[in-house]
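Analysis of the macromolecular model
Each chain, written out:
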Amino acid sequence: MFDDFMVRATFAGIGVALAAAPLGCFVVWRRMAYFGDATAHAAVLGVALSLAFSISIFIGTVAVALMMALLVNILSGRGYAMDTLLGVMAHSALAFGLVAVSFLSGIRIDLMAYLFGDILAVSRNDLSIIWGGALVVVLLISWRWSALLTSTLNEDLAYASDLNPKREQLVLTLALAITVAVAIKVVGVLLIAALLIIPAAASRPLSRTPEGMAFTAGFIGMISSVVGLRAAYIFDTPAGPSIVCVAAVLFVISSGLRLLMPSEK
Amino acid sequence: MTLVKVKDLSVNYGARSALTRVSLSIESAEIVTIVGPNGSGKTSLLRAIIGAIQSEQGSVTKRNGIQIGYVPQQLHIDATLPITVQRFLKLPHGATPSEITQALHHAGVPDLSASQLSHLSGGQFQRVLLARALIKKPDLLLLDEATQGLDQRGSASFYQQIERVRQDTGCAVLMISHELHVVMSASDRVICLNGHVCCEGTPAVVASAPEYRELFGTGTGGALALYRHEHDHGHDHVDHSHDHVEVNE
C-alpha cells in the first residue's frame, strides 16, 4: 500500500503530527515558540553540512538542531533578553544555512523542498525515518511526562520532589531536535514551529487536563495532515502550507467554541 | 530526632552573598519560623534545603529517606495549561484517590478536587499547594511565605490549618513569614535571619533579643507602627546596607 505517493505522504503527515502534539503542548506551556523556531531554522545549516559531508540528512539536522538548542540554553541569562537572543540565533542560523547551501555548487539541491517541505516526495526510507523518530519522541516524552509537567509548573516543586528540571529541559531539547529533523521533509523548516504550536493551541479550549490536551492536539494534527493533503491534491496547492492552513482553521473553530462556553474552561 | 542539619552554609549570587555561614537544625514535629527583612536570604535557605541551590560552602544534611513537602511562595499557572486539582496532586509520583481525599481534607479544601487550578481563589490555591505538599505524608513541611496575597483572616486561618496539620500528622514545619504577630504565637522556635543567623530561640527569647529589636522594632502593642532603619548593626563581616520598612500591628 506504500507504493502510492499519497498514501506515503499521508502517513508521513500523521507521523509528524503524533510527535509534534505532546512536544507542542510543552512548547506552548513553557512559552518556547521562538525556541522551536530557532531550532528549526538551524536545520537548514544541518542540511547543507549533511550534503557537504555526505552524511544522512536526518543525522546532520538532528546534530545541528541539538547544538543550536544547547547553545541557546548556555547563552540564555547572560545579558540578552531571551527573545532578542532567539531572534539573533534563529535568523543567523537560517542565513548561514542558506549561504552554506550556496557553496554546494557540485550538488544540485532543491532549496524550496527544505524550506517548505516536499511531502509528496516522501520515500519508503523517509517514511521509516519519520516514524522511527516520531516513536522515539513520543516514548521519550511519555517516559518523562510527570517530571516534565512538574518542572513546567514550577522548578522548585520539581527540586522538592527530587527531580532535576535542567535534565528535563534537556529531554525536551532532544525531542525538539528529533522532531525538527523528521518534520523537515513534511512541512519544511519555515513551518515546523506552526505544526508544533497550532494543534496544541487549538486543543487548549477543548481540554481539562494536560494529557487531554496532548491527545486532542495529536488528533487535530492528524486531521490537519489528512485534510490538508487532500486539499492540496484537489486545489493543486503546496502540500506543507496547506496542512498548516487547515490547522489554523481548526484553531479558529476551537477558539470560537471557547467563546460559546465561556465559563467552562 | 534531627530531620535537617544545615552547617556553615554560604550561598553567593555572583558577587552578592545571600547567606554567610548559616547553621541550624530542624527536629521532628517542631514548628520553626524564619523571619528577616527582604533580601535576607530566607528563600535561598529554603531552596538550598530542597536542593534547588547547590551550596559552594557548607553542607545540608537530610535524614535518610526524609519526605519533604514544599509549598512555594507563589505559583503562576500559565493559562495555556489546563489542569485539575486532582491531576495536580498526582504530580509527579502519583497518588491514590484516598490519599488525595485525605490531603485535601487536611488542607481544609475537601471539595475542590475536580476544579481547574486556574479557577481557584488565592486562598484556595494556597491550600491546594498545601494539600500537594501533604500528599506523601511529609516528615517536614517547608512553607515560603505561603500566605502572601491572602487577607488577614485568610492567612490567620491558613496558619491555624498548619497547626492542625502538625497535630494530626506530627510533621515538622519550617516556614518563612512576614507576619510577625502570627509567627510569634504559633512557633516553637524562631530564627531571625539577615544573611546570617542574627538570633534564634523561643518566640519570647527572640522577641527580646537586641538583634531582633533592631530589625523589627519593639512592637507597640497593637498600634500601627512603621519602622524604617538604616540597617548596619554590629555584624561587620556582611555588607547589607538596605532600607527596611516593616509594618507592625
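Scroll up a little and you will see the structure.
Below: a short report on this structure. (Residues numbered from 1 in each chain as written. Chains lettered and ligands numbered in written order. Predicted model: local features only at pLDDT ≥ 70, side-chain atom pairs only at ≥ 80, totals over all residues.)

This next bit is on the overall build of chain A. A count of helices and strands for chain A gives 12 helices and zero strands. Reading the helices (α) and strands (β) of chain A from amino to carboxyl end gives α-α-α-α-α-α-α-α-α-α-α-α. In summary, chain A has a C-alpha radius of gyration of 18 Å against a globular reference of 18 Å for 265 residues, a match within 12%. Principal-axis analysis of the C-alpha atoms places the extent of chain A at approximately 55 × 45 × 30 Å. Per-residue burial for chain A yields a buried fraction of 51% across its 265 residues. The long-range fraction of contacts in chain A, counting pairs at least 24 apart against all pairs at least 6 apart in sequence, stands at 74%. (Helix = DSSP H or I, 4+ residues; strand = E, 2+ residues; numbered from the N terminus. Rg over C-alpha atoms; globule rule 2.2 N^0.38 Å. Buried ≥ 20, exposed ≤ 12 C-beta atoms within 10 Å, placed from the backbone. Contact = placed C-beta atoms within 7 Å.)

Accessible area lost on assembly of the parts is the figure often given for the size of an interface. Counting residues at the interface gives 20 residues for chain B and 22 residues for chain A. Looking at the side of chain B that touches chain A, the elements that each hand over two or more residues are helix H1 (42-50) and strand E5 (68-71) of chain B. Grouping the constituent residues of the side of chain B that touches chain A by class yields 12 nonpolar, five polar and three charged. (Nonpolar A, V, L, I, M, F, W, Y, C, P; charged D, E, K, R; others polar.)

Our focus in this paragraph is the packing of helix H2 (residues 33-52) of chain A against helix H3 (residues 57-75) of chain A. Residues and elements named next belong to chain A. H3 packs onto H2 with a crossing angle of 135 degrees between their chain directions and a minimal axis gap of 7 Å. If you check the angle between H2 and H3, you find them oblique. Of the two possible hands of crossing, H2 and H3 adopt the one that is right-handed. On H3, the residues that touch Phe 35, Ala 38, Thr 39, Ala 42, Ala 43, Leu 45, Gly 46, Val 47, Leu 49 and Ser 50 of H2 are Ile 57, Ile 59, Gly 60, Thr 61, Ala 63, Val 64, Ala 65, Met 68, Ala 69 and Val 72. Taken together, the residues that form the contact of H2 with H3 break down as 15 nonpolar, five polar and no charged. (Axes fitted to C-alpha atoms, helices over the stretch in contact; angles between N-to-C directions. Parallel < 35°, antiparallel > 145°, perpendicular 65-115°, else oblique. Left-handed = near helix turned anticlockwise from the far one by under 90°.)

One finds A:Val16, A:Ala43, A:Ala65, A:Leu195 and B:Leu142 to be the most contacted residues of the largest nonpolar core, which totals 167 residues. Considering every element that reaches this core, the biggest residue donor is helix H1 (residues 5-29) of chain A, with 15 residues. Ignoring anything within four residues of it in the chain, the contact list for A:Ala43 reads A:Thr61, A:Val64, A:Ala65, A:Val180, A:Ala181, A:Ile184 and A:Val189. (Core = buried A, V, L, I, M, F, W, Y, C linked by C-beta atoms within 7 Å.)

Here the focus is the environment of A:Ser224. Residues and elements named next belong to chain A. Structurally, Ser 224 is set in helix H11 (residues 210-235). The class for Ser 224 is buried, based on 27 C-beta atoms found within 10 Å. With 211 residues separating them in the primary sequence, Ser 224 and Gly 13 have C-alpha atoms 8.7 Å apart. Those residues in contact with Ser 224, other than ones at most four positions away along the chain, are Ala 17, Pro 199, Ile 243, Val 246, Ala 247 and Leu 250.

Let us now look at the environment of B:Ala95. Residue and element names in this part refer to chain B. Examined against the element boundaries, Ala 95 turns out to sit in the loop between helix H2 (85-89) and helix H3 (97-106). The exposure class assigned to Ala 95 is partly exposed, which follows from the 17 C-beta atoms found within 10 Å. Along the primary structure Ala 95 and Arg 132 are separated by 37 residues, whereas in three dimensions their C-alpha atoms are 9.9 Å apart. Apart from the residues within four sequence positions on either side, Ala 95 is in contact with Leu 89, Lys 90, Ile 100 and Ile 135.

What follows is about unusual backbone geometry. Here the residue pair B:Leu91 and B:Pro92 is connected by a cis peptide bond, since its omega of -5 degrees sits within 30 degrees of zero. Here B:Pro92 lies in the loop between H2 and H3. At A:Asp236, a position not held by glycine, the phi torsion is positive, near 55 degrees. Locating A:Asp236 in the fold gives a position in the loop between H11 and helix H12 (239-260). By the C-beta count within 10 Å, which is 7 here, A:Asp236 ends up exposed.

This paragraph deals with the sheet that holds strand E7 (residues 172-176) of chain B. Residue and element names in this part refer to chain B. With mixed pairing, the six strands of this open sheet are ordered in space as E5-E6-E7-E3-E8-E9. Edge positions in the open sheet fall to E5 and strand E9 (197-201), since each of these has one partner strand only. Along the sheet, successive strands turn relative to each other by an average axial angle of 15 degrees, direction set aside. For strand E8 (residues 189-193) and E9, the ladder comprises four bridges, and the chain directions are antiparallel. The partner of Ile 191 across the bridge, within E9, is Glu 200. Sitting on the sheet, helix H4 (residues 122-134) touches E5 and strand E6 (140-144), and the angle it makes with E5 is about 165 degrees. (Pairing = 2+ DSSP bridges.)

Shape is all these values report; function is a separate question.
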